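Working through the structure, step by step
So the chains spell out like this:
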Amino acid sequence: MGGFFGVVSREDCVPDLFYGTDYHSHLGTMRGGLAVRNGQGFTRFIHDITNSQFRSKFESDLPRLNGTTGIGVISDYEDQPLIVGSHHGTYAIVTVAKLDNLDELAAAAFNRRRSHFVEMSGNEINPTELVAHLIDEGDTIEQGIQHAQEVIKGSCSILVLTDEGIFAARDYLGRHPVVLGEKSGSCAATLETCALPNLGYEIHRYLGPGEIVKITPDGVEQLAPPGERLQICSFLWVYYGYPASNYEGINVEAVRYRCGEALARRDDVEVDIVAGIPDSGTGHAIGYSNAAGVPHQRPFVKYTPTWPRSFMPQDQRVRDLVARMKLIPIKEIIEGNRLLFCEDSIVRGTQLRDIIARLFDYGAKEIHMRPACPPLVFGCKFLNFSRSKSELDLAGRWAIAELEGNQPDNLEKYADQTSDHYCAMLDVIRKRLGLTSLRYQLLDDLVESIGLPKEKLCTFCWDGTE
Ligand code: SF4
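Residues numbered from 1 in each chain as written. Predicted model: local features only at pLDDT ≥ 70, side-chain atom pairs only at ≥ 80, totals over all residues. Heavy atoms only, no water.

**Overview of the pattern of salt bridges**
Inspection of every chain in the model, using the stated rule, returns 24 salt bridges. In this structure, Arg205 and Glu211 form a salt bridge, with 2.7 Å as the shortest nitrogen-oxygen distance. By relative accessible area, which is 26% here, Arg205 ends up partly exposed. Each of Asp267, Asp268, Arg370 and Arg439 takes part in salt bridges that share partners, so that together they form one network. (Salt bridge = Lys/Arg side-chain N within 4 Å of Asp/Glu carboxyl O. Buried < 20%, exposed > 50% of the residue type's maximum accessible area, 1.4 Å probe, protein only.)

Right, dumping it as structure tokens:
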């Protein structure tokens, strides 16, 4: 998905910018970038982080970065930040975005305005450059951002670094968070609040959906108020958000404990051990274990010394191999035991199938799986974290294809967790994965665990509602 961090300070901003951006590394695997502004102008570095960590790539750049304002990004796709010269003056821009109508917006730029795009190194239009084009259509940066928010389908949160300071804009429907942090003499804008405490910042406030602010050394000025409709991604809490982060004031780890508790409340299976599939399954498992009174143990441990981050090679076979190499089974804990695993979600299920087969090879008596959210039936249209995957690969969809021989028009009957169709879909998934039992979280329980009203949450990938 990607993440960003920006700092406006009365002192050198580079150390905060460097570490604050690094704290978004779990959100993206392709590119990292930093841009800093000082009296001489902008300095920018972009590196490929596919095979190495952000920090190791940027450490040697630090002596060449100095200034009091800067923005940084971990990008799951395109090169960022971009430095743009326009009628707004020179500015640097980073985005966390999915432009679902990129082709349509680019065609409009080509046809009506005879524009051109220069960031074509990946043979595709750089989405952040397209956002910059849209911003340049406004008389002011603020108007341009509002225009971009209105015409983009998908999602788009933006940081723009100018001579004046940083413009921070949250996605129109707030699919991802943007949060302001403050400490004496400095203000930060961040996607993940876990970036703040170790740098000495406290959460100042959460931007609302579509809200735009300008951050300068003198303070924060609201340029556009928040909109009424919020559709923050529920999956942030379940899966890809960092446990130490808060969104809308709600902590990720605490939600995962509540998800696990909810799963345990509805369960009657007898097991010897509760475990999480690392990493994001761990919080859910702790919640389950505490509620069920069954010990939480680790039948697998992750080999963190050389696999510290989400390394996502493009080739699926290499990805599966990496997933296998990361997790090391412990026979003494597995053998002869009835194991219950909590998992954040079952996306495609291929890696999970391998894990389950290995657990039985190591002597597990039973394996029960309890995903912390309902089955994924609808592919996400709003965030780009699953860009390379077809929605037909989702566990729910291949199970439906097996039941129906094709993809039916009416998927809602499978999303209804009280229907026979839903039960049949689960049974196909359970058998394909080789599980003793499979029981998913109820959507109502997930919503309750998060603690926001359902109408403020995006739950599209489970129930198809927009
Ligand atoms: S569809 Fe799913 S992953 Fe996408 S924004 Fe909505 S809840 Fe998040």
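**Side note on the domain arrangement of the protein**
Domain annotation of the protein identifies domain 1 (3–230) and domain 2 (247–463). One C-alpha centre belongs to domain 1, the other to domain 2, and the line joining them spans 32 Å. Between domain 1 and domain 2, the residue contacts involve 24 residues of the former and 20 residues of the latter. Buried surface at the junction of domain 1 and domain 2, both sides included, amounts to about 1,900 Å², of which 50% is carbon and sulfur. When residues of domain 1 are sorted by the area they lose upon contact with domain 2, Lys98, Arg175 and Leu230 head the list and together hold 29% of the total. Linking domain 1 with domain 2 are 1 salt bridge, by the criterion used here. Glu248 is the partner of Arg170 in a salt bridge, and the nearest nitrogen-oxygen pair spans 2.7 Å. Here the side of domain 1 that touches domain 2 is built from residues that sort into 8 nonpolar, 10 polar and 6 charged. (Domains from an automatic or database assignment. Contact = heavy atoms within 4.5 Å. Buried area = accessible area lost by both parts, 1.4 Å probe. Nonpolar A, V, L, I, M, F, W, Y, C, P; charged D, E, K, R; others polar.)

**Here's the deal with the sheet that holds strand β9 (residues 179–183)**
Pairing within the open sheet is antiparallel, and its 7 strands lie in the order β3-β2-β4-β1-β10-β9-β11. Every interior strand has two partners, whereas the edge strands, β3 (41–48) and β11 (202–206), have only one. Here the average twist between neighbouring strands, direction ignored, is 15°. In the sheet, β9 pairs with strand β10 (residues 186–190) via 5 bridges, with the strands oriented antiparallel. (Pairing = 2+ DSSP bridges. Helix = DSSP H or I, 4+ residues; strand = E, 2+ residues; numbered from the N terminus. Axes fitted to C-alpha atoms, helices over the stretch in contact; angles between N-to-C directions.)

**A look at the sheet that holds strand β21 (residues 366–371)**
Judged by pairing direction, the sheet is parallel, and its 4 strands sit side by side in the order β17-β20-β21-β22 without closing on themselves. The open sheet has two edge strands with one neighbour each: β17 (273–276) and β22 (437–438).

**Brief notes about the environment of Asp463**
Along the chain, the position of Asp463 falls in helix α16 (residues 460–463). A relative accessible area of 14% places Asp463 in the buried class. For Asp463 and Leu339, which are 124 residues apart along the polypeptide, the C-alpha to C-alpha distance reads 29 Å. In contact with Asp463, other than residues within four places in its own chain, are Phe378, Ala415, Leu443 and Lys454. Only 3.0 Å separates the side chain of Asp463 from the side chain of Lys454, close enough to count as a polar contact. (Polar contact = N/O pair within 3.5 Å; in protein donor to acceptor, adjacent residues only side chain to side chain.)

**Thoughts on the pairing of β10**
The element β10 is largely enclosed, with a buried count of 5 among its 5 residues. Side chains Ser186, Ala188 and Thr190 project from β10 onto one buried face, and the interleaved Cys187 and Ala189 project onto a second face that is buried too. Examined bridge by bridge, strand β1 (residues 3–9) and β10 share 5 bridges and lie antiparallel to one another. Considered in β10, the bridge of Gly6 is made with Ala189. With antiparallel pairing between neighbouring strands as the criterion, β9 and β10 make up a hairpin whose turn holds 2 residues, including Gly185 at a positive phi of roughly 85°.

**Here we look at unusual backbone geometry**
Here the bond from Gln80 into Pro81 is cis, since omega is -5°, no more than 30 degrees from zero. Mapping Pro81 onto the fold places it in the loop between β4 (69–75) and β5 (82–86). A positive phi angle, near 50°, is found at Glu248, a position not held by glycine. As for its placement among the helices and strands, Glu248 is situated in the loop between β15 (246–247) and β16 (250–251).

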